[in-house]
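A look at the structure
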Amino acid sequence: MKILVLGSGGREHALIWKLSTSKKIDKIFAIPGNGGIAELAEVVQISLQNLGEIADFAKEEEIDLTIVGPEAPLVEGIVDLFNERGLKIFGPMKEAAKLEASKVFAKRFMKKFGIPTASFEIFDDYQKAREYLKTQNYPLVIKADGLCAGKGVFVPDSLAEAEETLFNIMEKKVFSSSGDLVIIEKFIKGEEVSIIAISDGKNLIPLVSSQDHKQIYNNDKGPNTGGMGAYSPVPIAEGEIFKKTYQEILIPTINGMAELGIPFKGVLYAGIMVVNNEPFVLEFNVRLGDPETQVILPRMKSDLIEVIMAALESRLDNFEIEWHKENCIAVVLASGGYPGSYQTGKRIYGIDKIKELKNVIVFHAGTSKVTEGQDEYYVAAGGRVLNIVALGEGIKDAKNKAYQAVGLIKFDDMYYRNDISDKAFKKEGVNG
Ligand code: GLY
């Protein structure tokens, strides 16, 4: 098979790394890829916004299957376009991608189908929303409706802060039309986990649990990032919580979408808040998580392409995914200054040393390869630069392995959190 993967982050490197182990796959292309992906796939420079050109490429190269990493092409309707042109692609159609593209759609959907989520009100009128804020307790949550590159959710601690946020979204239009509608929702406190599933439109199989670390500093302090690390499995999401998430959230979501006439075929990511042993949906995404994928796929024993083909061919009711029992952790190495401004072009040292380690993998995010005569090396080319991933017998072993490997990598201004997975230790009985 010839596979095309869309995207350029650690998630896509992990996808391509996993796909490259399949005997069924002869060649992988990546659009636009990154420095590390280029070692496993042929990278092609087409803009991910140019869906027509991507479809032309898939046709010309006789690609057997296209797999989409990020949400933007799905939300723009790449699956609809490929279907119209008779090209095979894995992901939800534009209407179904609204579960991520419109938080208002997602909240109304959850209300209609009784899926647990924080209580909320929706506003299209700035003055009415402002009046409502005056009647509420703080903190509360304000969300812009549309895609905002992960920056559209706010948790103001006071009325003054909430009014400023509302003004920025609805009047100043900092997210343009993504802020035409806002959700004002009750703040719920708990622990966040990601439960991601593969769906064929009727049936779904959850992948193993994982937990992202969204904030830049240790102990979940500082501004949000794309994700500074992850681990799997997550003790708090195992057992009852996993079962409840499957039965009360994932299954009703797939059934509800089918009932609305927009069956969801693809990856359904439920961002869950566990509150007093009950799961609540914080958000849905319609694609794999980053950096969650980097800790899920190394644990997958099954051939990923077989899982995806079973979903495409609506065979998930008769399918089982096998997993390795090891724990997995990913530590993200970032450019100093991220998620604010940072410099690129810093030479990265030590990647080769990690290649010699057992059970440690490097997934590139923002890197590019430089060739100077005989000398070939990678430079940092983004905010999140590398993911150092380790498998271990228990989470502590995985953590030790990952951080030992982190110690081998150097680039100017390199920054990382050193508490990835520590929340797992708090849970009694964790396999440490
Ligand atoms: N890790 C968060 C996300 O992928 O949206």
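Everything here concerns the structure above.
The following paragraphs examine the structure supplied in this document. (Residues numbered from 1 in each chain as written. Predicted model: local features only at pLDDT ≥ 70, side-chain atom pairs only at ≥ 80, totals over all residues. Heavy atoms only, no water.)

1. Observations regarding the site of the ligand
Operational definition: Proximity is defined per residue: any heavy atom of the residue falling within 4 Å of a molecule or strand makes that residue near it. The term polar contact refers here to a pair of N or O atoms within 3.5 Å; inside protein, the definition further demands a hydrogen-donor-capable atom paired with an acceptor-capable atom, and it admits residues adjacent in sequence only when both atoms are side-chain atoms. In short, Shrake-Rupley with a 1.4 Å probe defines the accessible areas, and a residue's cover is counted only from the protein chains shown. The nonpolar class holds Ala, Val, Leu, Ile, Met, Phe, Trp, Tyr, Cys and Pro. Asp, Glu, Lys and Arg form the charged class, and all remaining residues, Gly among them, are polar.
Neighbouring residues of the ligand: Asp212, Tyr269, Asn285, Arg287, Gly289, Asp290, Pro291 and Glu292. Take Asp290: an N or O atom from its main chain is 3.0 Å from a nitrogen atom of the ligand. The separation between a nitrogen atom of the ligand and a polar side-chain atom of Glu292 is 2.8 Å. Alone, the ligand offers 200 Å² of accessible surface; in the complex the protein occludes 88% of this. Its residues placed into classes, the shell around the ligand shows 2 nonpolar, 2 polar and 4 charged.

2. A look at the pairing of strand 20 (residues 360-364)
Our working definition: Three labels apply to residues, based on accessible area from a 1.4 Å probe with only protein chains included: buried if under 20% of the type maximum, exposed if over 50%, partly exposed otherwise in between. Helix and strand definitions here come from DSSP, where helices need a minimum of 4 consecutive H or I residues and strands a minimum of 2 consecutive E residues; each element is numbered from the N-terminal end. DSSP bridges decide pairing: two strands pair if at least two such bridges lie between them.
Within strand 20, 5 of the 5 residues are buried, which leaves it mostly tucked inside the rest of the structure. Burial of strand 20 is two-sided: the residues Val360, Val362 and His364 facing one way and the residues Ile361 and Phe363 facing the other way are all buried. Looking at chain direction, strand 20 and strand 23 (residues 384-392) are connected through 5 bridges and run antiparallel. Across the sheet, the residue bridging to Ile361 is Val389, located in strand 23.

3. Some thoughts on the environment of Met110
Rules: Throughout, a contact is declared for two residues whenever any of their heavy atoms are within 4.5 Å.
Mapped onto the elements, Met110 comes out in helix 6 (residues 103-112). Overall, Met110 belongs to the buried group, its relative accessible area being 2%. Spatially, the C-alpha atom of Met110 lies 28 Å from that of Glu164, the residues being 54 residues apart in sequence. Among all residues touching Met110, those that are not within four sequence positions of it are Ile115, Thr117, Val281 and Phe284.

4. With respect to the sheet that holds strand 17 (residues 278-285)
Spelled out, the test is: An axis is simply a line fitted to the C-alpha atoms; with a helix, the fit covers only the stretch in contact. Between two such axes, the angle follows the N-to-C directions and lies from 0 to 180 degrees.
Strand order in the open sheet formed by 4 strands is 11-10-16-17, and the pairing between neighbours is antiparallel. Each of the sheet's edge strands pairs with one partner strand only, and the pair in question is strand 11 (204-206) and strand 17. Strand after strand, the sheet turns through a mean of 35° between neighbouring axes, direction not considered. Judged from the 3 bridges that link them, strand 10 (residues 191-200) and strand 11 form a sheet pairing that is antiparallel. Paired with Ile198 across the strands is Ile205, a residue of strand 11. Of the strands in this sheet, strand 10 and strand 16 (265-275) are in contact with helix 11 (residues 304-312), which crosses strand 10 at around 65°.

5. Regarding the pattern of salt bridges
Under the convention used in this document: Whenever a carboxyl oxygen of Asp or Glu lies within 4 Å of a side-chain nitrogen of Lys or Arg, that contact is scored as a salt bridge.
Evaluation of the coordinates by the stated rule reveals 29 salt bridges. Two residues, Arg347 and Asp375, come together in a salt bridge whose shortest N-O distance is 3.4 Å. Of this pair, Arg347 sits in strand 19 (residues 347-348) while Asp375 sits in strand 22 (residues 375-380), placing them 28 residues apart in sequence. Across the pair Asp352 and Lys355 runs a salt bridge whose closest N-O atoms are separated by 3.9 Å. With Asp352 and Lys355 both in helix 12 (residues 351-355) and 3 residues apart, the pair spans about one turn of that helix. When sorted by exposure, Asp352 lands in the same class as Lys355, which is exposed.

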